[in-house]
Amino acid sequence: MALYVLAMAVDVRIPDAQSLKDKRSVVRSILDGARRRFGAATAETGDQDVHQRSELGFVVAAASAGHATEMVDTIERFVWSFPEIEVVASERHWMEVER
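What this report covers is the structure whose coordinates are included nearby. Bear in mind that the values here come from a model prediction, so they are computed numbers and not experimental data.

Here Ala40 shows up in the loop between helix H1 (20-38) and strand S2 (41-46). Through-space distance from the C-alpha of Ala40 to that of Gly57 is 9.6 Å; in sequence the pair is 17 residues apart. Apart from residues no more than four positions distant in its own chain, Ala40 is found in contact with Ala34, Arg35, Val59, Val60 and Ile75.

Written out as structure tokens, the structure reads:
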């Protein structure tokens, strides 16, 4: 039996953020929404002190690689749905654990 863990880092730009408070409001809504709707582990993983940029991290675990991919695809579409951000880049990293 295997456990598949897929992590995704998304680099975003928040052009209308005039302060860290503005940025954190947008970031919080994305991270909390992904956590609530999809059960993903989420965090702001980079650019915490830059008010118009952020790196967001999402991690899912599943019994199959296909299910993990579907979950992360859905989370990525969710992130893209926020009109207040621009996605600059995203990358995925796999970890497979054999038991």
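Time to look at the packing of aromatic side chains. Taken as a whole and assessed by the stated rule, the structure comprises 2 aromatic pairs. Considering the side-chain rings of Phe38 and Phe78, the 5.5 Å spacing of their centres and the 75° angle between planes classify their relative orientation as edge-to-face. Of this pair, Phe38 sits in helix H1 while Phe78 sits in helix H2 (residues 65-80); the two residues are 40 residues apart in sequence, bridging distant segments of the chain. Judged by its relative accessible area of 21%, Phe38 is partly exposed. Judged by its relative accessible area of 10%, Phe78 falls in the buried class. Relative to Phe82, the ring of Phe78 has its centre 5.1 Å away and its plane inclined at 90°; by these criteria the two rings are edge-to-face. Under the relative-accessibility criterion, Phe82 is labelled buried at 14%. An aromatic cluster is present here, built from Phe38, Phe78 and Phe82 joined pairwise through their rings.

Interhelical geometry of H1 versus H2 gives an angle of 145° and a closest axis separation of 11 Å. Crossing handedness for the pair H1 and H2: right-handed. Along the contact surface, H1 presents Ile30, Gly33, Ala34, Arg37 and Phe38, while H2 presents Met71, Thr74, Ile75, Phe78 and Val79. Across the contact of H1 with H2, the residue classes tally to 7 nonpolar, 2 polar and 1 charged.

Thresholds applied
- Along each chain, residue indices are assigned from 1 in the same order as the chain's sequence is written.
- Since the coordinates come from a predicted model, pLDDT governs what is reported: local features require at least 70, and pairs of side-chain atoms require 80 or more to be given and counted, while whole-chain, interface and lining totals use all residues.
- Hydrogen atoms and water are omitted, and side-chain values are computed over all heavy atoms in the structure.
- By the criteria applied, helices consist of DSSP H or I runs no shorter than four residues and strands consist of E runs no shorter than two, each listed in order from the N terminus.
- In what follows, residue pairs with any heavy atoms lying within 4.5 Å of each other are defined as contacts.
- Only rings of Phe, Tyr and Trp enter the pairing, Trp through its six-membered ring, and a pair is recorded when the two centres are within 6.5 Å. The plane angle decides the type: under 30 degrees is stacked, over 60 is edge-to-face, the rest tilted.
- To sort residues, take the accessible area from a 1.4 Å probe on protein chains only and compare it with the maximum for the residue type: under 20% means buried, over 50% means exposed, and anything in between is partly exposed.
- In this description, a line fitted to the C-alpha atoms serves as the axis of each element, helices being fitted only across the stretch in contact, and the angle between N-to-C directions of two axes falls anywhere from 0 to 180 degrees.
- Each crossing gets its handedness from the near helix: less than a right angle anticlockwise from the far helix is left-handed, clockwise is right-handed.
- Throughout, the ten residues Ala, Val, Leu, Ile, Met, Phe, Trp, Tyr, Cys and Pro are labelled nonpolar, Asp, Glu, Lys and Arg are labelled charged, and all others, Gly among them, are labelled polar.

Keep in mind these values describe shape, not function.
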